[in-house]
Every structure is written in C-alpha cells, then in structure tokens.
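Spelled out, the chains give:
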Amino acid sequence: MRDFCKRIPTWAVLKGWPLELLVEKCVSSSFVPLSSGDALRRVFESVASGIILPGGPGLVDPCEKDRVDALANVSDQQKEDLTNSAQQALRLIAFQQIHSVLGMEQLPSQNGSNPFPRKRQRSEDDASAEDDAKKQKQE
C-alpha cells in the first residue's frame, strides 16, 4: 500500500499513520488469516464501500481520547477521489489486471496455455460414444 500511495497521487494523502490505521483495521476485522493479495483487496473493498466518505463511519483514531477522525484533514473531494480510485482498482483486480494496480509488467502465461480451461477435454471413448448416438438418432 505504501508503494501504491507513492505512485498514485490520489492516494498520497494517506501517507503515514492514516494508511497504517486503515490497513490494520481492514486486516484485523477478518476472522481468518488473509494472504497478502486478499488483504490488499480487502483494503480496496473497504475504501470503495465509502467508509471514509462524509457521512460514513470514518477512520477513528484509537490513540486519541475523544472520537477523532484520522482523515479529518483530508478534503471531501479527496475522499471521493480515494473512493473512486479504490473502486477502479477493484475492477482491475476482478478482471485479472492486478499487474496494473501493482505497477508491474504482466507475468507471462505458463506454456502459452490457459491454466483454467473453460471446457474439459473429451476422451476418445466419449467422442466415439457420441458419434454412435448421433448415428442411431439419424436412423
């Protein structure tokens, strides 16, 4: 997330304590251990849901005695821009474009084949049985 905040100007307002607080709250609210990819997605999902928008729950600083929003110095427009950027990042992740979010080159596919084929391959027995059924149907 720090790298993301350095590369994307919209996210620069979250440097330091607000970023650490946001990530900690998002990751600690999970009931199961998260992988780094799932943790990243969870942070984007939280921001995209509008928690930092005006009228939302905000990001309460646990180190303060009173209820203080850690993002009080961020303007409403910047909060909306952060929410929009998180939504866009989630879209990219959902469409297998996480390399764009991470600012890196796309990894080459393994052996040029799709690791998740959409259709199972037919064996010769299945193919011959289908051909026999078609011939019987035509007769």
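Further up the page is the structure itself.
This one's a predicted model, so the numbers in the text were calculated from it and none came from an experiment.

Criteria and thresholds
- Residues numbered from 1 in each chain as written.
- Predicted model: local features only at pLDDT ≥ 70, side-chain atom pairs only at ≥ 80, totals over all residues.
- Heavy atoms only, no water.
- Salt bridge = Lys/Arg side-chain N within 4 Å of Asp/Glu carboxyl O.
- Helix = DSSP H or I, 4+ residues; strand = E, 2+ residues; numbered from the N terminus.
- Buried < 20%, exposed > 50% of the residue type's maximum accessible area, 1.4 Å probe, protein only.
- Contact = heavy atoms within 4.5 Å.
- Phe/Tyr/Trp six-rings, centres within 6.5 Å; stacked < 30°, edge-to-face > 60°.
- Core = buried A, V, L, I, M, F, W, Y, C linked by side-chain atoms within 4.5 Å.

Some points on the pattern of salt bridges
Reasoning step 1: Here the structure, examined in full by the defined rule, presents 4 salt bridges.
Reasoning step 2: Across the pair Arg7 and Asp3 runs a salt bridge whose closest N-O atoms are separated by 2.9 Å. One end of the pair, Arg7, and the other, Asp3, are both in helix H1 (residues 2-7), 4 residues apart, so they sit about a helical turn from each other.
Reasoning step 3: A relative accessible area of 32% places Arg7 in the partly exposed class.
Reasoning step 4: With a shortest N-O distance of 2.8 Å, Asp38 and Arg41 are connected by a salt bridge.

A short note on the side chain of His99
Reasoning step 1: Looking at where His99 falls in the secondary structure, it is placed in helix H5 (residues 98-102).
Reasoning step 2: Of the residues examined, His99 reaches a relative accessible area of 14% and is grouped as buried.
Reasoning step 3: Contact partners of His99, with chain neighbours within four places excluded, come to Met104, Glu105 and Gln106.

What to know about the environment of Asp3
Reasoning step 1: Among the residues examined, Asp3 registers a relative accessible area of 43% and is labelled partly exposed.
Reasoning step 2: Taking the C-alpha atoms as reference points, Asp3 and Leu102, 99 residues apart in sequence, are found 8.3 Å from one another.

With respect to unusual backbone geometry
Reasoning step 1: In this model, Gln96 sits at a positive phi of 60°, which is unusual for a non-glycine residue.
Reasoning step 2: By secondary structure assignment, the location of Gln96 is in the loop between helix H4 (76-94) and H5.

Description of the packing of aromatic side chains
Reasoning step 1: Taken as a whole and assessed by the stated rule, the structure comprises 3 aromatic pairs.
Reasoning step 2: A ring pair is formed by Phe4 and Phe44, whose centres lie 5.2 Å apart and whose planes are at 70°; its orientation type is edge-to-face. Here the residue Phe4 occupies a position in helix H1, and Phe44 occupies one in helix H3 (residues 36-48), the gap between them amounting to 40 residues. The pair Phe4 / Phe44 is uniform in exposure class, with both members buried.
Reasoning step 3: One aromatic cluster is present, built from ring pairs that chain together Phe4, Trp11 and Phe44.

With respect to the nonpolar core
Reasoning step 1: With 23 residues, the main nonpolar core has Trp11, Leu14, Leu22, Phe44 and Val47 as its most contacted residues.
Reasoning step 2: Listing elements by their share of this core, those giving two or more residues are H1, helix H2 (17-28), H3 and H4.
Reasoning step 3: In terms of residue count, the dominant contributor to this core is H3 (5 residues).
Reasoning step 4: Once residues within four sequence positions are removed from consideration, Leu14 is found in contact with Cys5, Leu19, Leu22, Leu71 and Leu82.

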